[in-house]
Amino acid sequence: MASDFTQQIRQKAIELLENGTVECVIGYETGSDGIGARPAFIYDAAEADRLVFDNTCTHNLVKYLLNKKGKSTAVVVKGCDSRALNLLLNEKQIERDKAFVIGVVCPGIVEWGWNKRSQRLQKRCDWCRQHTPVVSDFMVGDPVTEQPPAAFADIVEAEAKTAEERASFWQQHAERCIRCYACRQACPGCYCTDCFAESLDPEWVGIRIAPAESQMWNTIRAFHLAGRCISCNECERVCPVKLPLSLLNRKLEQKVLELFDYKAGMSEDAPAPLITFKKDEKLGIAE
Ligand code: SF4
Ligand code: SF4
Ligand code: SF4
């Protein structure tokens, strides 16, 4: 299957570059260890044979479209990545007519690292309910019937704890955060040119690498992604100290679904609840 997907992506890339539909195709190529895939930027049809698709194509490439504003670009997206595309369209960060979307019905991505690849699926792929991209101009693979939402045992376990126990749990994890911002850099929803975490005027949170500041950084980032997180789990994957970021993200996603019947990235134009104001939602605040 992987080689068939690879061939289809290469052929489409050649066609798009040769007829001038796009000036760049963002996809995957095999990295220098010969095992894991890395992002590839193809500008010339003669280079399209660098493109691959296999079960190490983990990166969410949609984020790179932010650097291609105004330029016609094709991008390879898996199911989860496609929700990021809708998120950025919804927030007016990219233009639909500049993006050609090569959707891949994703068979799942495995855990891998430098020079090694396991056969174990990543956590997000175990609980995935969006293998088929929600937006595409060309589809690789046959759409699949998605399963009903997963129940998350780790969320149930966390909810059974007292507020003090939960606070202590997150405090201990926050103390391990080294403020490298890899989570932010990988996240398609984190695109502010000036992140609050590094702003000195106003100083929302100190830049000191210390428990209180790290806890504040992780808490505010989670709030900023509430109702916007598209569950790609790239933040947790790239975190060098393996903070359980998806526990927080999935809980917030569940809460937004429950309160607003809204799941981020499923549609290009559905109004997002936390950036939409209705007058009758004033919650008793005076005129
Ligand atoms: S979460 Fe779903 S779409 Fe995303 S990589 Fe895993 S299986 Fe593929
Ligand atoms: S917060 Fe994490 S899981 Fe959510 S969109 Fe950002 S990188 Fe993906
Ligand atoms: S990737 Fe992990 S260590 Fe780095 S800032 Fe994010 S939470 Fe902290």
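Right, let's get into the overall build of the protein chain. Check the secondary structure of the protein chain and you find 9 helices and 8 strands. Each principal axis of the C-alpha atoms in the protein chain carries an extent, and together these give about 60 × 50 × 40 Å. Counting over 287 residues, the protein chain shows a buried share of 48%. Taken as a whole, the protein chain presents about 15000 Å² of accessible surface, with 54% of it coming from carbon and sulfur. A distance of 2 Å separates the average location of the 36 positive side-chain charges in the protein chain from that of its 40 negative side-chain charges.

Entries for the protein chain in the domain assignment read domain 1 (2–140) and domain 2 (153–275). The straight-line distance from the C-alpha centre of domain 1 to that of domain 2 is 25 Å. Facing the 23 residues of domain 1 at the interface are 29 residues of domain 2. Across the domain 1 to domain 2 interface the summed buried area is about 2100 Å²; carbon plus sulfur atoms make up 51%. Summed over the three residues of domain 1 that lose the most area to domain 2, namely Lys63, Arg83 and Asn90, the buried surface amounts to 31% of that side. If you look at where domain 1 meets domain 2, you find 4 salt bridges. One salt bridge in this structure joins Glu236 and Lys123, with 2.6 Å as the shortest N-O distance. Joining domain 1 to domain 2, the criterion identifies 15 residue pairs in polar contact (both at pLDDT 80 or more). Residue assignment for the side of domain 1 that touches domain 2 shows that the elements contributing at least two residues are helix H2 (79–90) and helix H3 (123–126).

Below, the discussion takes up the pattern of salt bridges. Applying the stated criterion to the full structure yields 16 salt bridges. Note that Glu29 and Arg38 form a salt bridge whose closest N and O atoms lie 3.0 Å from each other. The exposure class of Arg38 is partly exposed, given its relative accessible area of 36%. Close ionic contact of Glu198 with Arg184 constitutes a salt bridge, the shortest N to O distance being 2.8 Å. Placement of the pair is Glu198 in the loop between helix H6 (182–186) and helix H7 (211–225) and Arg184 in helix H6, with a sequence separation of 14 residues. According to the relative accessible area criterion, Glu198 is partly exposed, its value standing at 41%.

Turning next to the site of ligand 1. Contacts to ligand 1 come from Lys78, Gly79, Cys80, Cys106, Gly108, Ile109, Arg124, Cys125, Cys128, Gln130 and His131. Breaking the shell around ligand 1 down by element, the ones donating at least two residues are H2 and H3.

All residues in the neighbourhood of ligand 2 are listed as Cys187, Pro188, Arg221, Leu225, Cys229, Ile230, Ser231, Cys232, Asn233, Glu234, Cys235 and Asn249. Those elements giving two or more residues to the shell around ligand 2 turn out to be H7 and helix H8 (234–238). Here the shell around ligand 2 is composed, by residue class, of 7 nonpolar, 3 polar and 2 charged.

Turning our attention to unusual backbone geometry. The peptide bond linking Asp201 to Pro202 adopts the cis configuration, its omega dihedral lying at 5 degrees. Summarising the element assignment, Pro202 is placed in the loop between H6 and H7. Look at Tyr181: it is not a glycine, yet its phi comes out positive at around 70 degrees. Secondary-structure assignment places Tyr181 in the loop between helix H5 (163–174) and H6. Relative accessible area serves as the criterion here: at 9%, Tyr181 is assigned to the buried category. One non-glycine residue with positive phi stands out, namely Asn233, at about 60 degrees. Along the chain, Asn233 turns up in the loop between H7 and H8.

This next bit is on H2. Across its 12 residues, H2 extends 17 Å between first and last C-alpha, which sits within 8% of the 16 Å expected from 1.5 Å per residue. Burial analysis of H2 places 12 of its 12 residues in the buried class, the great majority of the element. When we look at burial in H2, the residues that qualify are Gly79, Cys80, Asp81, Ser82, Arg83, Ala84, Leu85, Asn86, Leu87, Leu88, Leu89 and Asn90. If you follow the buried residues of H2, they end up packed against strand E1 (24–30), strand E4 (73–77), strand E5 (99–104), H3 and helix H9 (245–260).

The rules behind the values
- Sequence order as written defines the numbering, with residues in each chain counted from 1.
- For this description, chains carry letters from A and ligands carry numbers from 1, given in the order in which they are written.
- In keeping with the predicted nature of the model, local features appear solely for residues at pLDDT of at least 70, side-chain atom pairs appear and are counted solely at 80 or more, and the whole-chain, interface and lining totals rest on all residues.
- By convention in this description, side-chain values take in all heavy atoms of the structure and omit both hydrogens and water.
- In this description a helix means any DSSP run of H or I spanning at least four residues, a strand means any run of E spanning at least two, and both kinds are numbered starting from the N terminus.
- Burial classes: relative accessible area under 20% of the type maximum marks a residue as buried, over 50% as exposed, and values in between as partly exposed (1.4 Å probe, protein chains only).
- Here the open area of atoms and residues is found with the Shrake-Rupley method and a 1.4 Å probe, where only the protein chains shown may cover a residue.
- Counting rule for charge: Lys and Arg are taken as positive, Asp and Glu as negative, and neither His nor the chain ends is counted.
- By convention, the charge on Lys lies at NZ, on Arg at CZ, on Asp at CG and on Glu at CD.
- Either an automatic procedure or a domain database provided the assignment from which the domain bounds are taken.
- By the convention used here, residues are in contact when the closest approach between their heavy atoms is within 4.5 Å.
- Summed over both partners, the accessible surface that disappears when two parts come together, traced with a 1.4 Å probe, is what is meant by buried area.
- By definition here, a salt bridge exists when the distance from a side-chain nitrogen of Lys or Arg to a carboxyl oxygen of Asp or Glu is within 4 Å.
- In protein, a polar contact means a hydrogen-donor-capable atom and an acceptor-capable atom, both N or O and within 3.5 Å, with residues adjacent in sequence counting only if both atoms are side-chain atoms; elsewhere, any N or O pair within 3.5 Å suffices.
- What makes a residue near a molecule or strand is one non-hydrogen atom of that residue sitting within 4 Å of it.
- Under the convention adopted here, Pro, Cys and the residues Ala, Val, Leu, Ile, Met, Phe, Trp and Tyr are nonpolar, Asp, Glu, Lys and Arg are charged, and Gly plus all remaining residues are polar.
- To estimate how far a helix should extend, the number of its residues minus one is multiplied by 1.5 Å.

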